[in-house]
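A look at the structure
Now for the letters of each chain:
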Amino acid sequence: MEENAEMSFWDHLEVLRGTLFRAMGAILAASVVVFCFKGVVFDDILLAPTRSDFFLYRLLGIDLSIKLINIDVSAQFFIHLKTSIALGFILAFPIVCYEIWKFIAPALYQKEKVAVRKAFTFAGLLFYLGVVVGYVLILPVTLNFFQGYTVSDAVENTFSLSSYISLFTSMVLMFGIVFEFPAVIAVMSVMGLVTRDTLRKYRKHAFVVILILAAIITPADPFSMCIAAAPLYLLFEASIWVCRKNAPEADEDEEDNESDDLN
């Protein structure tokens, strides 16, 4: 805290510049690696949910095969570029978290550093868990719904490559970010902004909000909503578990009372 207090505004700005530079450098390096492995990235990963042999389709007995088309001359190149950046961010996310942690750590007290460091450590795992859920569950269910939905039998569904990649990146990144909720709650709990009793009190309200959120990010059929709402509600319960039972001030008062009793 003392070292941080001695730093001027321009010193903080310089530290922030270095943090952003290193984070962007990590994303750029990961993006270049992804860009160089086009065949593996697209054929084996990104386009796998469009084929009938995708493991979730075989597990649920779904016969789904989507043929993508491209109608823009330069679309495939720029899609390759944008996708590489998005996947580069996913791969470099732990490094980004570490850089953010290094930037805010000097402003924290020792007790806060321990808790916030743990939250940032699990942030990367939670992010990747969200990415997997979005890729394995939400995206295939969404594709199955839109592939089978038509306003008329005379209209055949044919998806463009750009619309599919847009859906893919939004779903995967959205769930990766949403799964950071327990880590955010853990940090807020350390700061005394929220307690476990508060989250329990508003559990019913949270359930309604989760259903609304699931309806927004997925097609409006009950099965898709349940698939999306289930992991989101588990996240809320996990947030209750990681949250402090009492505010930090209350804990300090209890320690002071115990020391007075001993004296």
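All of the points below concern the structure found in this document. All values reported here derive from a predicted model rather than from experimental measurement. (Residues numbered from 1 in each chain as written. Predicted model: local features only at pLDDT ≥ 70, side-chain atom pairs only at ≥ 80, totals over all residues. Heavy atoms only, no water.)

Overview of the overall build of the protein chain
Using the following cut-off: Comment: elements are numbered from the N terminus, with helices defined as DSSP H or I runs of at least four residues and strands as E runs of at least two. For every residue, the accessible area obtained with a 1.4 Å probe (protein chains only) is divided by the maximum for its type, and the residue is called buried under 20%, exposed over 50%, and partly exposed between those limits. In what follows, a contact means two residues having at least one pair of non-hydrogen atoms within 4.5 Å. A 1.4 Å probe and the Shrake-Rupley method give the accessible areas. Residues count as covered only by the protein chains that appear here.
Along the backbone of the protein chain there are 12 helices and 2 strands. When the helices and strands of the protein chain are listed from N to C terminus, the series reads α-α-α-α-β-α-α-β-α-α-α-α-α-α. A total of 263 residues make up the protein chain; the buried ones form 37% of that total. Long-range contacts, defined here as pairs at least 24 residues apart, represent 78% of the contacts in the protein chain between residues at least 6 apart. With the model as given, the accessible surface of the protein chain reaches about 16000 Å², and the carbon-plus-sulfur share is 66%.

Brief notes about the packing of helix H6 (residues 110-148) against helix H8 (residues 181-190)
Filter applied, for reference: Angular values range over 0 to 180 degrees, each being the angle between N-to-C directions of two axes fitted as lines to C-alpha atoms, with helices fitted over their stretch in contact. Should an angle lie under 35 degrees it is considered roughly parallel, over 145 roughly antiparallel, and from 65 to 115 roughly perpendicular; all remaining angles are considered oblique. Residue polarity follows a fixed list, in which Ala, Val, Leu, Ile, Met, Phe, Trp, Tyr, Cys and Pro are nonpolar, Asp, Glu, Lys and Arg are charged, and the others, Gly among them, are polar.
Between H6 and H8, the least distance of the axes is 8 Å, while the angle of their chain directions is 175°. Comparing their axes, H8 and H6 come out roughly antiparallel. Taking contact as the criterion, the partners of Glu 112, Ala 115, Val 116, Ala 119, Ala 123 and Leu 126 in H6 are, on H8, Pro 182, Ala 183, Ala 186, Val 187 and Val 190. In terms of residue class, the contact of H6 with H8 is made up of 10 nonpolar, no polar and 1 charged.

What about the side chain of Glu 99?
Mapped onto the secondary structure, Glu 99 falls in helix H5 (residues 75-104). Filtering out sequence-adjacent residues up to four positions away, Glu 99 remains in contact with Thr 19, Arg 22 and Ala 23.

Examining the nonpolar core
We apply this condition: By nonpolar core is meant a set of buried Ala, Val, Leu, Ile, Met, Phe, Trp, Tyr and Cys residues that side-chain atoms within 4.5 Å join together.
If you look at the biggest cluster of nonpolar residues, it comprises 32 residues, and the most contacted ones within it are Leu 46, Tyr 135, Leu 143, Tyr 164, Ile 165 and Phe 168. Tallying contributions element by element places H6 first for this core, with 8 residues. Core analysis: the next-biggest nonpolar cluster, separate from the first, contains 19 residues, Val 194, Leu 199, Ala 229 and Leu 235 among them.

Describing the pattern of salt bridges
Side chains bearing opposite charge may pair, as long as their charged atoms lie close to each other. Basically, it comes down to this: Whenever Lys or Arg places a side-chain nitrogen within 4 Å of a carboxyl oxygen from Asp or Glu, that contact is recorded as a salt bridge.
Tallying each qualifying case throughout the model produces 5 salt bridges. With a shortest N-O distance of 3.7 Å, Asp 53 and Arg 51 are connected by a salt bridge. A salt bridge links Glu 99 to Lys 102, with the shortest nitrogen-to-oxygen separation between them at 4.0 Å. Of this pair, Glu 99 and Lys 102 both sit in helix H5, 3 residues apart, which is roughly one turn of the helix. Taking the relative accessible area as the measure of exposure, Glu 99 reaches 6% and is therefore buried.

Notes on a nonpolar patch on the surface
Condition: Residues enter patches when their relative accessible area tops 30% and they take part in no salt bridge; the joining distance is 9 Å for like charges and 5 Å for the nonpolar side chains Val, Leu, Ile, Met, Phe, Trp and Tyr.
Residues Phe 207, Val 208, Leu 211, Ile 212 and Ile 216 make up a contiguous nonpolar surface patch of roughly 460 Å² in combined accessible area. Residue position: Phe 207 is located in helix H10 (residues 203-217).

So, the layout of surface pockets
Convention followed: Cavities and pockets are found on a 1 Å grid laid over the protein atoms alone: a cavity is a set of points where a 1.4 Å probe fits but cannot escape, a pocket is an open set with protein on both sides within 12 Å along at least five of seven lines, and a lining residue has an atom within 4 Å of such a point. Grid points are joined across faces, edges and corners, and a volume is the space filled by probe spheres set on the points.
The calculated volume of the largest pocket comes to roughly 380 Å³. Forming the boundary of the largest pocket are 16 residues, of which Lys 118, Ala 119, Phe 122, Ala 186 and Val 242 lie nearest the centre. Residue assignment for the lining of the largest pocket shows that the elements contributing at least two residues are H6, H8 and helix H11 (222-242). Of all the elements, H6 adds the most residues to the lining of the largest pocket, at 7 residues. Split into classes, the residues belonging to the lining of the largest pocket amount to 13 nonpolar, no polar and 3 charged.

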